[in-house]
Amino acid sequence: MEIEPAEEVKEPPRIHRLDESVVNRIAAGEVIQLPVSAVKELVENSLDASSTSISVLVKDGGLKLIQVSDDGHGIRYEDLPILCERHTTSKLSKYEDLQSIKSMGFRGEALASMTYVGHVTVTTITRGQLHGYRVSYRDGVMENEPKACAAVKGTQIVIENLFYNMVARRKTLQNSADDYTKIVDLLSRFAIHHIDVSFSCRKHGAARADVHSVATPSRLNAIRSVYGLSVAQNLIKIEASDNDPSSSVFEMDGFISNSNYVAKKTTMVLFINDRLVECTALKRALEVVYVATLPKASKPFIYMSITLPPEHVDVNVHPTKREVSLLNQEVIVEKIQSVVESVLRNSNESRTFQEQTVEATPSVPSVTNNDLHLSPSPSGSKSQRVPVNKIVRTDSSDPAGRMHAYLYKNPQKYLGRDSSLTTVRSSVRQRRNLKETADLTSIQELINDIDRKCNSGLLDIVRQSTYIGMADDVFALLQHNTHLYLANVVNLSKELMYQQVLRRFAHFNAIQLSEPAPLQELIMLALKEEDSDLESNENDDLKKKIAEMNTQLLNQKSEMLEEYFCIFIDSDGNLSRLPILLDQYIPDMDRVPEFVLCLGNDVLQMEWHGP
């Protein structure tokens, strides 16, 4: 007879205290979930530092490098030792301060978390210091004493090898291709809200930034700069507010897309008390309004900024501060939903479609607007179908295609419009920009001469064409209807600049140089650049005389240059302001010396030969 062994009684596992480094790494994984989480925390710190310019540089989606530079007030030298320790902050001193917190950072967890999952280096300088300091951090503490270094105003924080000690997460992110896209989207959202701050975001090694916004007084201009004209021109201004303490107290302003906007994905940019957050309830409520109100279920573009009393917002409900809790949230959402519905219904009463006119062909009968509304013929014959090759959906302002690509007019009416083309163009131009009118008779005569020589056919091709790509260094491919054209971009650009100068003569917008540049030094740089023999110094005296003569001449004509062209030269011979020919475009500053030399030569020729 076998005796079964008695079942072994298991002791309950002992509870032990985790090592502090393990606790900190777990907390870091909650705060810094993705590279975009680190960028968001750093940009918010820069905004809290009263920065007017924030630049972000990213390598490999942020895993290898994240660099955020600002021109804020910097970090005190004596605060550097505890900068990256957990729960060290300058935003609050006691828990009750959370009820009135207005800054975006407050818990002192972001920088500390970054040091536990990456290698962090901080370079900073405060006002009045002769030099800055650079120091590296790891696991919340300094790796060495701060070292004196050259630095520009503000702070630069570099994170390298993010998640180097979190193997599973790093492998997951390495297979993800949209980490950089999320960072670009984040900076775009900040750029359209903080319109008094310049933002820049680019990949490491890229010559051009993917986000480049400059400070502007207009929210709509910021949206146009970041999201494009096709979005900005289809937005409606919206406002809502309530001041009833028994229900809700808030103010909301923003922009929502109208019935002409078409997109496959909802874009909702929401700021509450200047804090970028998400509100699922509000987003769903607004999507319901769009589906019920508009005839086609396209996804909306929504920007909203909501302001509430600080004590009505609980900001400490999410590790990454992505969400907040609002007092009377249901009431606020309902009132905003009601206002949006009312605005959309009013905007949907009328819609505008543009028409593109093409010449009639034997295979395509001319159809007038009246023909489009006629009932079928008594004989019951079907109308002739438009050939597929004539239905073109490419359009420079709306790639999805618009109604005018399917409408045709009698060409006789089209030809009849040519006589009033100049008048129409002039009125449109004045509505577009009241500044773009010439006050001088000679300038107006040049503009009239351009209008007289204008070829309406070529103008229509250029205006309605879609850019395909560059064929070589000179020619670009443009598509107009079903035709493909080779356009000389060099000649087109020269003509564009010439006409822009005439249209804006004496009324240019200006770009201010960060530091005035001496004219004589600029001209010398340009002359040396032109000299192919870099070893020769025989012509240095001649170059110096040319530079002195051109500088003297430009100084003499400084008043004229400022009045007519917005080129400002101070009494010391320094260039400090240049004109803007194309809106939203900043020229290559490396070409300024060449520009000044050409300007001096042109003014000199006018002195000798007359205008």
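The shown structure was predicted, so the numbers you read here are calculated from the model rather than taken from an experiment. (Residues numbered from 1 in each chain as written. Predicted model: local features only at pLDDT ≥ 70, side-chain atom pairs only at ≥ 80, totals over all residues. Heavy atoms only, no water.)

1. Quick word on the packing of helix H2 (residues 35–48) against helix H3 (residues 110–117)
Geometry of a packed helix pair, given as the angle between the helix axes and the separation of the axes.
Item 1. Contact pair H2 / H3: the axes reach a minimum separation of 10 Å and the direction vectors enclose 140 degrees. With respect to the hand of their crossing, H2 and H3 are arranged in left-handed fashion. The segment H2 lies against H3, with Ala38, Glu41, Leu42 and Asn45 engaging Ala110, Leu111 and Met114.
Item 2. Grouping the constituent residues of the contact of H2 with H3 by class yields five nonpolar, one polar and one charged. (Axes fitted to C-alpha atoms, helices over the stretch in contact; angles between N-to-C directions. Helix = DSSP H or I, 4+ residues; strand = E, 2+ residues; numbered from the N terminus. Left-handed = near helix turned anticlockwise from the far one by under 90°. Contact = heavy atoms within 4.5 Å. Nonpolar A, V, L, I, M, F, W, Y, C, P; charged D, E, K, R; others polar.)

2. Observations concerning the packing of aromatic side chains
Item 1. Tallied over the full model, the rule gives six aromatic pairs.
Item 2. Here the aromatic rings of Tyr77 and Tyr133 are separated by 4.5 Å at their centres, their planes lie at 45 degrees, and the arrangement is tilted. With Tyr77 in the loop between strand E2 (65–70) and H3 and Tyr133 in strand E4 (residues 132–138), the pair connects residues that are 56 residues apart, well separated along the chain.
Item 3. When its relative accessible area of 36% is taken as the criterion, Tyr77 is described as partly exposed.
Item 4. Judged by relative accessible area, which is 18%, Tyr133 ranks as buried.
Item 5. Taking 6.2 Å as the distance between ring centres and 65 degrees as the angle between the ring planes, the aromatic pair formed by Phe190 and Phe271 counts as edge-to-face. Taken together, the residues span a long stretch of sequence, with Phe190 in helix H5 (residues 179–193) and Phe271 in strand E12 (residues 267–272) at a distance of 81 residues. We note that Phe190, like Phe271, is buried.
Item 6. Aromatic rings pair up to connect Phe190, Phe199 and Phe271 into one cluster.
Item 7. The residue whose ring lies beneath Arg577 is Phe568, and the NZ or CZ to ring-centre distance is 4.9 Å. (Phe/Tyr/Trp six-rings, centres within 6.5 Å; stacked < 30°, edge-to-face > 60°. Buried < 20%, exposed > 50% of the residue type's maximum accessible area, 1.4 Å probe, protein only. Lys NZ or Arg CZ within 6 Å of the ring centre and 35° of its normal.)

3. Side note on the layout of surface pockets
Item 1. Approximately 1200 Å³ is the volume attributed to the second largest pocket.
Item 2. Along the walls of the second largest pocket sit 32 residues, with Met497, Val501, Pro579, Leu581 and Phe595 positioned nearest its centre.
Item 3. Looking at the lining of the second largest pocket residue by residue, the classes come out as 26 nonpolar, one polar and five charged. (1 Å grid on protein atoms, 1.4 Å probe; cavity = no way out; pocket = protein on both sides within 12 Å on 5 of 7 lines; lining within 4 Å. Points joined across faces, edges and corners; volume = space filled by probe spheres on them.)

4. Quick look at the confidence of the model for the chain
Item 1. Mean pLDDT for the chain: 77, with 75% of residues reaching 70 or above.
Item 2. Note that pLDDT drops below 50 for residues 353–383; the model gives that stretch 37 contacts with residues more than four away or on any other chain.
Item 3. Confidence drops under pLDDT 50 across residues 392–437; counting only partners more than four residues distant or on other chains, this segment forms 71 contacts. (pLDDT = per-residue confidence, 0-100.)

5. Regarding the nonpolar core
Item 1. Counting 58 residues, the largest nonpolar core has Met114, Leu187 and Phe199 as the members making the most contacts within it.
Item 2. In terms of residues, this core owes the most to one element, H5, which gives eight residues.
Item 3. Apart from the residues within four sequence positions on either side, Met114 is in contact with Ile32, Ala38, Glu41, Leu42, Val120 and Ile159. (Core = buried A, V, L, I, M, F, W, Y, C linked by side-chain atoms within 4.5 Å.)

6. Notes on the environment of His507
Item 1. On the secondary structure map, His507 appears in the loop between helix H14 (489–503) and strand E20 (509–518).
Item 2. Each C-alpha atom of the pair His507 and Glu563 lies 8.4 Å from the other, and the pair is 56 residues apart in sequence.

7. Some thoughts on a nonpolar patch on the surface
Item 1. Together, Leu18, Val22, Val23 and Ile26 line one region of the surface with nonpolar side chains, adding up to about 310 Å² of accessible area.
Item 2. Position of Ile26 relative to the elements: it lies in helix H1 (residues 20–31). (Patch = residues over 30% accessible without salt bridge, like charges linked within 9 Å, V, L, I, M, F, W, Y side chains within 5 Å. Areas by Shrake-Rupley, 256 points an atom, 1.4 Å probe, with all protein chains shown as cover. Salt bridge = Lys/Arg side-chain N within 4 Å of Asp/Glu carboxyl O.)

8. So, the sheet that holds strand E21 (residues 568–569)
Item 1. Strand order in the open sheet formed by three strands is E20-E22-E21, with antiparallel pairing between adjacent strands. Where the open sheet ends on each side, the last strands, each with one partner, are E20 and E21.
Item 2. The sheet contact formed by E21 and strand E22 (residues 574–580) spans two bridges and is antiparallel. Among the inter-strand pairings, Ile569 is bridged to a residue of E22, identified as Leu575. (Pairing = 2+ DSSP bridges.)

9. Here's the deal with the sheet that holds strand E13 (residues 275–277)
Item 1. If you walk across this open sheet you meet the five strands as E10-E11-E14-E12-E13, and the pairing is mixed. The outermost strands of the open sheet, each flanked by one partner alone, are strand E10 (235–244) and E13. Neighbour-to-neighbour, the strand axes of the sheet open up by a mean angle of 20 degrees, direction not taken into account.
Item 2. By the bridge criterion, three bridges tie E12 to E13 in an arrangement that is antiparallel. Opposite Leu270, over in E13, you have Val277 as the bridge partner.
Item 3. Against the sheet, helix H8 (residues 280–293) engages strand E11 (248–257), E12 and strand E14 (301–307), with an angle of about 135 degrees to E14.
Item 4. Here helix H9 (residues 329–347) sits on the sheet in contact with E10, E11 and E14, set at roughly 35 degrees to E11.

10. Comments concerning the pattern of salt bridges
Opposite charge on two side chains permits them to pair, given that their charged atoms come into close proximity.
Item 1. Under the definition given, this model contains nine salt bridges.
Item 2. The shortest N-O distance in the salt bridge between Lys453 and Asp449 comes to 3.4 Å. Placement of both Lys453 and Asp449 in helix H12 (residues 441–453) is noted, with a separation of four residues, approximately one turn of the helix.
Item 3. Owing to a relative accessible area of 64%, Lys453 belongs among the exposed residues under this scheme.
Item 4. Asp451 serves as the salt-bridge partner of Arg503, at 3.5 Å between the closest nitrogen and oxygen. Residue Arg503 is located in helix H14, and its partner Asp451 is located in helix H12; the two are separated by 52 residues in the primary sequence. We note that Arg503, like Asp451, is buried.

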